[in-house]
Amino acid sequence: MEAADSTRSFLRDVKRIVIKVGTAVVTQADGRLALGRVGSLCEQIHELITDGYEVILVTSGAVGVGRQRLRYRRLVNSSFADLQKPQVELDGKACAAVGQNGLMALYDTLFSQLDTSSAQLLVTDNDFRDPDFRRQLNETVKSLLSLKVVPIFNENDAISTRKAPYEDASGIFWDNDSLAALLALELKADLLVLLSDVDGLYSGPPSDPHSELIHTYVKESLEGLITFGDKSRVGRGGMTAKVKAAVYAAYAGIPVVITRALPTLVQDFNGFAYGNILKVLGGQRIGTLFHRDAHKWATIGELGVREMAVAARDGSRRLQAMSSHERSKILLSVADALEASEKLITAENEADVAEALKAGYDKALVSRLALKPGKVSSLANSIRVLANMEEPVGRVLKRMELSEGFILEKMSSPLGVLLIIFESRPDALVQIASLAIRSGNGLLLKGGKEARRSNAILHKIITSALPKSVGEGLIGLVTSREEIPELLKLDDVIDLVIPRGSNKLVSQIKASTKIPVLGHADGICHIYVDKSANMDMAKKIVVDAKTDYPAACNAMVLTETLQDLSKRDTLIFTYATVCGLTFPQWWLNIGTAKIQRSLVLFHRPRMNLVIAILVSYIYIAHTDCIVTDDDEVAEIFLRQVDSAAVFHNASTRFSDGFRFGLGAEVGISTSRIHARGPVGVEGLLTTRWLARGKGQVVNGDKDIVYTHKEMSLQA
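Thresholds, definitions, all that
Residues numbered from 1 in each chain as written. Predicted model: local features only at pLDDT ≥ 70, side-chain atom pairs only at ≥ 80, totals over all residues. Heavy atoms only, no water. Axes fitted to C-alpha atoms, helices over the stretch in contact; angles between N-to-C directions. Helix = DSSP H or I, 4+ residues; strand = E, 2+ residues; numbered from the N terminus. Parallel < 35°, antiparallel > 145°, perpendicular 65-115°, else oblique. Contact = heavy atoms within 4.5 Å. Nonpolar A, V, L, I, M, F, W, Y, C, P; charged D, E, K, R; others polar. Phe/Tyr/Trp six-rings, centres within 6.5 Å; stacked < 30°, edge-to-face > 60°. Buried < 20%, exposed > 50% of the residue type's maximum accessible area, 1.4 Å probe, protein only. Expected span 1.5 Å × (residues − 1). Arc of directions from axis to C-beta. Pairing = 2+ DSSP bridges. Core = buried A, V, L, I, M, F, W, Y, C linked by side-chain atoms within 4.5 Å. Left-handed = near helix turned anticlockwise from the far one by under 90°. Salt bridge = Lys/Arg side-chain N within 4 Å of Asp/Glu carboxyl O.

Caption draft 1: Structural context of the packing of helix α13 (residues 324-340) against helix α16 (residues 375-387). Following both chains from N to C, one finds α13 and α16 inclined at 170 degrees, their axes separated by 9 Å at the closest point. It follows that α13 is roughly antiparallel to α16 by the angle criterion. Residues Ser328, Leu331, Leu332, Val334, Ala335, Asp336, Leu338 and Glu339 of α13 pack against Val376, Ser377, Ala380, Asn381, Ile383, Arg384, Leu386 and Ala387 of α16. Taken together, the residues of the contact of α13 with α16 sort by class into ten nonpolar, three polar and three charged.

Caption draft 2: Seen up close, the packing of aromatic side chains. Counted under the stated rule, the structure contains four aromatic pairs. Geometrically, the ring pair formed by tyrosine 107 and phenylalanine 111 is stacked, given 6.4 Å between the ring centres and 20 degrees between the ring planes. Of this pair, tyrosine 107 and phenylalanine 111 both sit in helix α5 (residues 92-113), four residues apart, roughly one helical turn. The pair tyrosine 107 / phenylalanine 111 is uniform in exposure class, with both members buried. Between phenylalanine 647 and phenylalanine 660, the aromatic rings sit 6.4 Å apart at their centres with planes inclined by 55 degrees, giving tilted as the arrangement. Of the two residues, phenylalanine 647 is situated in strand β25 (residues 645-648) and phenylalanine 660 in the loop between β25 and β26 (667-669); the sequence distance between them amounts to 13 residues. On the accessibility criterion, phenylalanine 647 (12% relative accessible area) is buried. Phenylalanine 660 gets classed as partly exposed once you look at its relative accessible area, which sits at 40%.

Caption draft 3: Representation of α13 within the structure. Across its 17 residues, α13 extends 25 Å between first and last C-alpha, which sits within 8% of the 24 Å expected from 1.5 Å per residue. Among all positions of α13, only Arg327, Ser328, Ile330, Leu331, Val334, Ala335 and Leu338 are buried. Relative to the axis of α13, the buried residues are bounded by an arc of 155 degrees and lie together on one face. Residues of α13 that are exposed and point more than 90 degrees away from the buried face comprise His325 and Ala340. Looking at the buried positions of α13, the neighbouring elements they touch are α12 (305-320), α14 (342-358), α16, α17 (426-439) and α18 (452-464).

Caption draft 4: Examining the sheet that holds strand β12 (residues 406-414) more closely. Strand order in this open sheet of four strands is β28-β12-β11-β29, and the pairing throughout is antiparallel. Edge positions in the sheet fall to β28 (685-692) and β29 (706-710), since each has one partner strand and no second. Each strand axis lies, on average, 25 degrees off the axis of its neighbour in the sheet, ignoring direction.

Caption draft 5: Main features of the sheet that holds strand β15 (residues 475-477). Taken in spatial order, the four strands line up as β15-β14-β13-β16 in an open sheet, and their pairing is parallel. This sheet does not close on itself; its edge strands, each paired only once, are β15 and β16 (496-500). On average, each strand axis in the sheet is tilted by 15 degrees relative to the strand beside it, whichever way the strands run. Taken together, the three bridges between strand β14 (residues 442-446) and β15 define a ladder with parallel strand orientation. Residue pairing across strands places leucine 443 opposite isoleucine 475, the latter belonging to β15. In the packing of α12 onto the sheet, contacts are made with β13 (417-422), β14 and β15, and the angle to β14 comes to roughly 145 degrees.

Caption draft 6: Region of the structure containing the pairing of strand β17 (residues 525-529). Along β17, four of the five residues are buried, which leaves the element largely enclosed by surrounding structure. Bridge count between β17 and strand β24 (residues 623-627): five bridges; the pairing is parallel. Residue pairing for β24: histidine 526 is matched across the bridge by aspartate 624.

Caption draft 7: Structural view of the nonpolar core. By size, the foremost hydrophobic cluster in this structure holds 48 residues, and its most contacted members are Leu338, Ile420, Leu443, Leu445 and Ile475. At the level of elements, α13, α16, β13, α17, β14, α18, β15 and β16 are the ones that each hand at least two residues to this core. In terms of residues, this core owes the most to one element, α17, which gives eight residues. Membership of the second largest hydrophobic core comes to 39 residues, among which are Ile56, Val123, Ala181 and Ile258.

Caption draft 8: Summary view of the packing of α13 against α17. In contact at an axis separation of 9 Å, α13 and α17 are set at 160 degrees when each is read in the N-to-C sense. If you check the angle between α13 and α17, you find them roughly antiparallel. As α13 packs across α17, the resulting crossing turns out to be right-handed. Along its contact with α13, which presents Ser324, Arg327, Ser328, Ile330, Leu331, Val334 and Leu338, the element α17 presents Val430, Ser434, Ile437 and Arg438. In terms of residue class, the contact of α13 with α17 is made up of six nonpolar, three polar and two charged.

Caption draft 9: Expanded view of the pairing of β13. Within β13, six of the six residues are buried, which leaves the element mostly enclosed by the surrounding structure. Judged by which residues are buried, β13 turns out to be covered on both faces: Val417, Leu419 and Ile421 on one side and Leu418, Ile420 and Phe422 on the other are all buried. Of the strand pairs in this sheet, β13 and β14 are connected by five bridges, and their pairing is parallel. Residue pairing for β14: leucine 418 is matched across the bridge by leucine 443.

Caption draft 10: Representation of the pattern of salt bridges. Applying the stated rule across the entire model yields 25 salt bridges. With a closest N to O distance of 2.9 Å, arginine 425 and aspartate 427 form a salt bridge. Since its relative accessible area comes to 22%, arginine 425 is described here as partly exposed. Glutamate 486 serves as the salt-bridge partner of lysine 489, at 3.1 Å between the closest nitrogen and oxygen. Each member of the salt-bridge network shares a partner with another, and the members are Lys20, Asp177 and Lys242.

Caption draft 11: Just the environment of valine 55, in detail. When you line up the elements, valine 55 lands in strand β2 (residues 54-59). When neighbours within four sequence positions are excluded, valine 55 is seen to be in contact with Ile17, Ile19, Ile45, Leu48, Ile49, Leu145, Val150 and Pro151.

Structure (structure tokens):
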């Protein structure tokens, strides 16, 4: 048997249960009664009563059973000539009257075989408008349950005032699903079980192989997003009606489970065939649970990718509604939580590093993976810098008077939901999460498997610091690589993808999604040493740029520093031909190796201790620097080199969000749209327009005088 689900621990306190069984369960495809399914249902109800539960049954099927019987009678009583004529559809109320008799006779027979008594109670919509009826209903049911009798309810379709009892959806209840929900509330049930011919609620039609069973329905995340299949082959509404009734009951305080009436029965070791009702009461994760506190139980790990993305979107909207001070307080809480958990973070990170070394990962990857001493404190301090920055969201960027009394504002606004895919570096998770909180964005994170433990503990610490009013769903952690293709399809929920990693990763992401992608496909930096450069300065800059953090993407040039670099185990490449220009070939001896390389190597990401010597040409890339004492040459270089960042007399290692004063960075982009270089808070914002008028209309521009006057940004 399946293990019990901890989110269903409330089932231990259940005593009174309302069970609703639909026409598709009670009858076979041809309309005849499904004796096996009804028999199993009665056996389960008998066992529940024996175990001390009070069970109320709401059954459909009378109209279907009656229609089958009347069709048979009409066939028997018809002549051959009669059968050649067009057949008139049978009256639904007559079908209900005939079928109800047969349906109850079956229940009575089956329950009698189990030494259990049942009672029939037929109700109509109008009955519930009468307070005396409702009072008497409670007294009658209470009396029946005390005698261990099963009350069996059905709508009295035969005398219902509905014009079409199997179609009309108006009134206090509109079908037997809503009747069951109403009775659960009226009779103060502890649980409502809606039995179906499928396992529960799916994300799409159950026949679609891509549809997934939803174990816990979170209204805030799923409402309006589920694609329902066709209505039931019989009965009135199918799954749509069940979900509507379940949401109504659950948010009024009655937990609801939608599940299959009779699966392929699973034998336990004693040979007893357990059905799903008994499994539900046993706390197993069967069917779909509806509960008004479900949003508190559904952990990110239990959610599908769409649910996770929607949860992030909903969390971002709640975050945006907060004041700047409240968002800053959240960041300060995150910073404090990280520092308080430094030992735990370090332990998990050391476990990741040990596994990476054991697996033989590249040294550069292991270097990026390791959180060196002081790193957690450094990350916490960068978050505090973010918290104390000027409010980025809702900032008025432009204010203009369109006409007298008609003011237009351009305002900064969050993008929405970000999907960040990154490799190796767990510190990136902290930076990205803090930027998302500061900018009011929802966030989905997918880190490399080599940082699994580090990412998990960091994610847990950060989301635990989020206030309940925002919810932990604001920041989702994707743990499976297989989920990425599904995430990349969610262009209706996710607003921007930012891949951080190899050229191959970025290119694959761009080719696999309609969602805008912000990322760099090459991580190449150069330093050009002009003939007027101070060689001592140049040597310091080049050595720092490459060896301060070799795992970063840097590439530079200077023959005079080769000795310094070779002492640091740096491999040096030369280029003889660049973009069609021919230069003298340089041969460099490093140890016993004589190495010459062509331009093709120049396009490789510089993730190791590899130096590219670029002769008289600057490639457009990530960050480029010129070392020169000639200001005129420097200005030409700064203006004309079309890289994301261009420096004069400074190490390329300064191309970093924290060093730029951005507090942190979500990545470094070489794209031109919409952000370029180190991407901080501003790169995660867009703009929107707010107009405040006094009844202005266009009307062919006849009645309006445009002023288009620039105004102060201060209101």
